[in-house]
Structure formats: structure tokens, C-alpha cells
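Summary of the model geometry
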Amino acid sequence: MNKSPYEGLSVQYWQAKTLELIDEHPLTPNEIYQLITQVWSEIFLSSITSRGYKIGVDFFPSPQVIGSLLHDLIPLEFAYRYPGIWRRQATKDEKDLVYVPDDSFSIEIKTSSSTRNTYGNRSYAQKSSTGKLGTKTKSGYYLVINFQKLIVSLPNPQINLIRFGWLDRDDWIGQKSQTGQQARLRPEVERYKLLRLPLQTQFF
């Protein structure tokens, strides 16, 4: 899609449009939610090296490391379930999870140890970033996962929030500082264009 599906819509209609976009997607909200919670639990059940070290028991990786694991394991699991239909990113201009039959349904994955906020790097708010060779489009489907930090006093960290929806490049706001490296979303975008999974009758 070159044109935003929200073009011409006032904020009061965004939630309905997001629900429509989610309904059109080949993955169901329940399957996305189930797979993420499965991957999350298996990260902490798995052992590493011949010593059998366990995350959250023997060592406590940073949120960046846990986020990287989710970025890799979620696409791998979908690729395992649907070989030749879903696959992980292969080039820099692709989304994190690629839908082979139709790239418009590919998904960008964002993770954060923030309770509920969504962040991207500074390039997400730069208008000139689109169209460059080797640069992925910033508009499309997004899967956002917020999780608790791993610390010794919290032996069983949980996922705080799983959201799914559509974001446009213009939804991102860069930091005012020229050296700022982070982009964020406007509150109304977080509220109505990223809906909590599993889908509820009443939205937050």
C-alpha cells in the first residue's frame, strides 16, 4: 500500500479501521498471541551450553538481548508452521516477518521493556529515509511486545502487553535534539492503531 489506509479518517474512526486491517491479515490475532506467549515461555525453559544455564535463573540478559531473541524466534516459529509462506527477514529492506505471497502483509516487530510505550530508532521519523536502496518501508503492519526486565528479584518476568496493528511512517516523532537516536509514537496512535491482543470488547 502506497497510500495510508487511514488517509482522510479522523481519529474517532481509527480503531474501526485498525480492526478491519487486522481482520484482513492472514494471521489471526489469537494465533499471534498464542505463538508469542509460547515463544516467551520456551525462552525461559530452554537451557544453554553443556552446563544447562537458564535465562532468568543463572544469568539475566539485557532487554536488548531478550528483544533480539524475540525478533529471531517469532519469525522462525511462523516459518516452521508455514514453510514457504512465512519466513524471517533476509535483506535489510524487508520486514522482520515476511509474508511470501504478498509483502503488504509482512510484519515489523518492535520490543521494549517499557511498560507500554513503543519506540523506534531515529530513522523511523526521518522523511528522507524512505526510497533509499536497502531501506525497509516504515509503513505497514506492526507487532509490538512490551515485557518485564529480567532481574534477580523477579524470577518469572512476564509480557506486559502484546499489540498488533498498522503504523504509517508519519506516525513516528523523532527526538528534538539533533543527537537524539529515538523515535516515539503519538498517544492517539498507540491507542487506536495498535490494538491489544487478545482482542477485547472494550479497548484501553
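Structure: above.
The rules behind these values
- Residues numbered from 1 in each chain as written.
- Predicted model: local features only at pLDDT ≥ 70, side-chain atom pairs only at ≥ 80, totals over all residues.
- Heavy atoms only, no water.
- Helix = DSSP H or I, 4+ residues; strand = E, 2+ residues; numbered from the N terminus.
- Buried < 20%, exposed > 50% of the residue type's maximum accessible area, 1.4 Å probe, protein only.
- Pairing = 2+ DSSP bridges.
- Core = buried A, V, L, I, M, F, W, Y, C linked by side-chain atoms within 4.5 Å.
- Contact = heavy atoms within 4.5 Å.
- Salt bridge = Lys/Arg side-chain N within 4 Å of Asp/Glu carboxyl O.
- Phe/Tyr/Trp six-rings, centres within 6.5 Å; stacked < 30°, edge-to-face > 60°.
- Lys NZ or Arg CZ within 6 Å of the ring centre and 35° of its normal.
- Expected span 1.5 Å × (residues − 1).
- Axes fitted to C-alpha atoms, helices over the stretch in contact; angles between N-to-C directions.
- Parallel < 35°, antiparallel > 145°, perpendicular 65-115°, else oblique.
- Left-handed = near helix turned anticlockwise from the far one by under 90°.

1. Topic: the environment of A16
- Note on placement: A16 falls in helix α1 (residues 14-24).
- Between the alpha carbons of A16 and K193 there is a distance of 9.2 Å; along the sequence they are 177 residues apart.

2. Brief notes about the pairing of strand β5 (residues 107-112)
- The buried fraction of β5 is high, at 5 of 6 residues.
- Here 6 bridges tie β5 to strand β7 (residues 140-147), and the two strands are oriented parallel to one another. When the bridges of β7 are listed, S112 appears paired with N146.

3. As for the nonpolar core
- One finds I32, L70, I74, F78, I107, L143 and F164 to be the most contacted residues of the largest nonpolar core, which totals 41 residues.
- In terms of residue count, helix α2 (residues 29-45) provides more of this core than any other element does, 7 residues in total.
- With residues near it in sequence (within four places) discarded, F78 still touches L27, E31, I32, L35, W86 and L97.

4. Observations regarding the pattern of salt bridges
- By the definition in use, this model includes 11 salt bridges.
- In this structure, the salt-bridge partner of E20 is K17, at a minimum N-O distance of 3.0 Å. A residue pair is termed a helical-turn pair when its members lie 3 or 4 positions apart in one helix, as E20 and K17 do in helix α1 at 3 residues.
- Given a relative accessible area of 17%, K17 falls into the buried group.
- Between E31 and R81 there is a salt bridge, with the nearest N and O atoms lying 3.4 Å from each other. Within this pair, whereas E31 is found in helix α2, its partner R81 is found in helix α3 (residues 63-81), the two being separated by 50 residues in sequence.
- Accessibility expressed as a relative area gives 27% for R81, which makes it partly exposed.
- Each member of the salt-bridge network shares a partner with another, and the members are D168, D171, R186, E188 and K193.

5. Thoughts on the side chain of E94
- Considering the arrangement of structural elements, one finds E94 in the loop between β3 (86-88) and β4 (97-99).
- Leave out the neighbours within four places in its chain, and E94 touches R87, Q89 and K136.

6. A few points about the packing of aromatic side chains
- Going through the model one piece at a time under the given rule, you end up with 10 aromatic pairs.
- Ring geometry for W86 against Y99: centres 4.7 Å apart, planes inclined by 45°, an arrangement best described as tilted. On the criterion of sequence distance, the pair formed by W86 in strand β3 and Y99 in strand β4 is long-range, its members being 13 residues apart.
- The class of W86 is buried, set by a relative accessible area of 3%.
- An aromatic cluster of at least three residues, connected via ring pairs, comprises F78, W86, Y99, F105, Y141, F164 and W166.
- Lying across the ring of Y6, K193 places its NZ or CZ 4.1 Å from the centre.
- The residue whose ring lies beneath K193 is W14, and the NZ or CZ to ring-centre distance is 5.4 Å.

7. So, the pairing of β7
- Here β7 lies mainly inside the structure; 8 of its 8 residues are buried.
- Across 8 bridges, β7 lies against strand β8 (residues 159-167) in antiparallel orientation. Paired with V144 across the two strands is R163, which belongs to β8.

8. What to know about α2
- A rise of 1.5 Å per residue sets the reference length of α2, with its 17 residues, at 24 Å; its end C-alpha atoms lie 25 Å apart and thus fit the reference within 8%.
- Of all the residues in α2, the buried ones are P29, E31, I32, L35, I36, Q38, V39, W40, I43 and F44.
- On its buried side, α2 packs onto α1, β2 (53-54), α3, β7 and β8.

9. Let's talk about the packing of α2 against α3
- Packing of α2 against α3 brings their axes to within 10 Å, and their N-to-C directions diverge by 125°. As judged from the angle between their axes, α2 and α3 are oblique. Between α2 and α3 the crossing geometry is right-handed. Note on element contacts: α3 touches α2 through I66, L69, L70, L73, I74, E77, F78 and R81, opposite E31, I32, Q34, L35, I36, Q38, V39, W40 and I43.

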